[in-house]
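Summary of the model geometry
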Amino acid sequence: MFQHLEPYAGDPILSLNDAFQKDPRTDKVNLSIGIYFDNEGRIPVLQCVRDAEAQMLAEGGAKPYLPIEGAAAMRRAVQHLLFGAEHAAVKAGRIATLQTVGSSGGLRVGADFIKRWLPGSAMCMSDPSWDNHRAMFEGAGIAVHAYPYYDPATGGVRFDAMREAIAALPARSVVLLHACCHNPTGVDLSREQWQQLVPMLRQRELLPYLDLAYQGYGDGIAEDAYAVRLLADSGLSFFVANSFSKSMSVYGERAGALSVVCSDAAEAELVLGQLKATVRRNYSSPAIHAAGIVSRVLTDPKLRGAWEADVAAMRGRIQTMRRSLHATLSAKKPGRDFGYFLTQRGMFSYTGLSAAQVDRLREQYGVYLIRSGRICVAGLNTGNVERTASAMAAVID
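The following paragraphs examine the structure supplied in this document. Here the structure is a predicted model, which means the values were calculated and not measured.

So, the sheet that holds strand 9 (residues 238-243)
The seven strands are arranged 2-10-9-8-7-3-4 in an open sheet whose pairing can be described as mixed. This sheet does not close on itself; its edge strands, each paired only once, are strand 2 (95-101) and strand 4 (144-148). Ignoring which end each strand starts from, the neighbouring axes of this sheet average 25° apart. In the sheet, strand 3 (residues 123-127) pairs with strand 4 via five bridges, with the strands oriented parallel. The partner of Cys-124 across the bridge, within strand 4, is His-145. Strands strand 7 (174-178) and strand 8 (207-212) of the sheet are contacted by helix 8 (residues 191-203), whose axis makes an angle of about 165° with strand 7.

Some remarks on the layout of surface pockets
The calculated volume of the largest pocket comes to roughly 670 Å³. Together, 32 residues line the largest pocket, and Gly-34, Ser-104, Trp-130, Tyr-214 and Lys-246 are the ones closest to its centre. When residues of the lining of the largest pocket are traced back to their parent elements, those giving at least two are helix 1 (12-22), helix 5 (102-117) and helix 6 (131-139). Among the elements that make up the lining of the largest pocket, the one with the highest residue count is helix 6 (four residues). Of the residues assigned to the lining of the largest pocket, the class counts are 14 nonpolar, 12 polar and six charged. The calculated volume of the second largest pocket comes to roughly 510 Å³. In this structure, the second largest pocket is lined by 20 residues; those nearest its centre are Phe-113, Leu-118, Leu-207, Ser-237 and Glu-267. Looking at which element gives the most residues to the lining of the second largest pocket, the answer is helix 10 (residues 265-280), with four residues. A class-by-class count of the residues in the lining of the second largest pocket yields 13 nonpolar, three polar and four charged.

Calculation rules
- Residues numbered from 1 in each chain as written.
- Predicted model: local features only at pLDDT ≥ 70, side-chain atom pairs only at ≥ 80, totals over all residues.
- Heavy atoms only, no water.
- Pairing = 2+ DSSP bridges.
- Helix = DSSP H or I, 4+ residues; strand = E, 2+ residues; numbered from the N terminus.
- Axes fitted to C-alpha atoms, helices over the stretch in contact; angles between N-to-C directions.
- Contact = heavy atoms within 4.5 Å.
- 1 Å grid on protein atoms, 1.4 Å probe; cavity = no way out; pocket = protein on both sides within 12 Å on 5 of 7 lines; lining within 4 Å.
- Points joined across faces, edges and corners; volume = space filled by probe spheres on them.
- Nonpolar A, V, L, I, M, F, W, Y, C, P; charged D, E, K, R; others polar.

Have a look at this one:
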């Protein structure tokens, strides 16, 4: 029955992480997977999450199925987090929000929705982008193209080329955009560039699809929602998938959401209904535990304050590691410009290393990163950053 199946080669990042776990070297360094580790190399359990779970345990009670769209308290809290509680779109009821199985679930539900209701629309994503973006949309039967984005010569954005490519897209094309902390490059659009991009999106009748997986790791929780709020202010209809995996360190809870900003409340009701239909024929309903954590942390003033302090501390540690990596590499390779480590933002950075250099790092030095040269800066700590920089300097020509 199944002998005709092709073998699955495995996800390149998860497979690399498996190889790291099997590596017997005690000084190995994992910079591959997008997980935040503390300075001791551990995934932190935030006290605000512990406290939220303690509240849930104390309350007890049954664990029924959640509604298809998820818990009302979480959905409302997500809207307030992304757009602001007093935003006109929130108050007018023109945002349809689902609790989803991580932001990945939100991306795929949105892709299925687009395929059903905008069947002629193709998706255009940045070059490069997170590998699973292409897989998710192609898996939904949507054609995927790319617009220019990263400039290896400058370590910045090819913004003019990006705008030119987007301006040539057919109406109703989907434009996938990273709201902050671009994965994999760490190179973000500036506020001025976003302000130039939004009128073009509106004029060309394009459908923005924002991925916001790292809110709080760039400039701050509210600051990192700038693009979301700018688009909402513009009157555009758009999608935004967001995640709490990193910001609350709840990876396995799969706590995410999908919001669709519509022209009015009636349209939002139609969109929510068809999003629910999409979910029902997929995973039926989301997780009750994830909803309880997120809604409590976001709405309880004490827990919210503790969470914001935790996110600021995580962001600060990543920035410290960026500076340490930059300083050590600059000392070991004088005359070479590593300034891009300081301007890139969030968990990830493009190192500029070739695939062959990445292979040498792994085989000779036990430093693991994916073959594109992307590193997860959050995998660095005071105990391994100098060794990592020395290894990188050794493979750089």
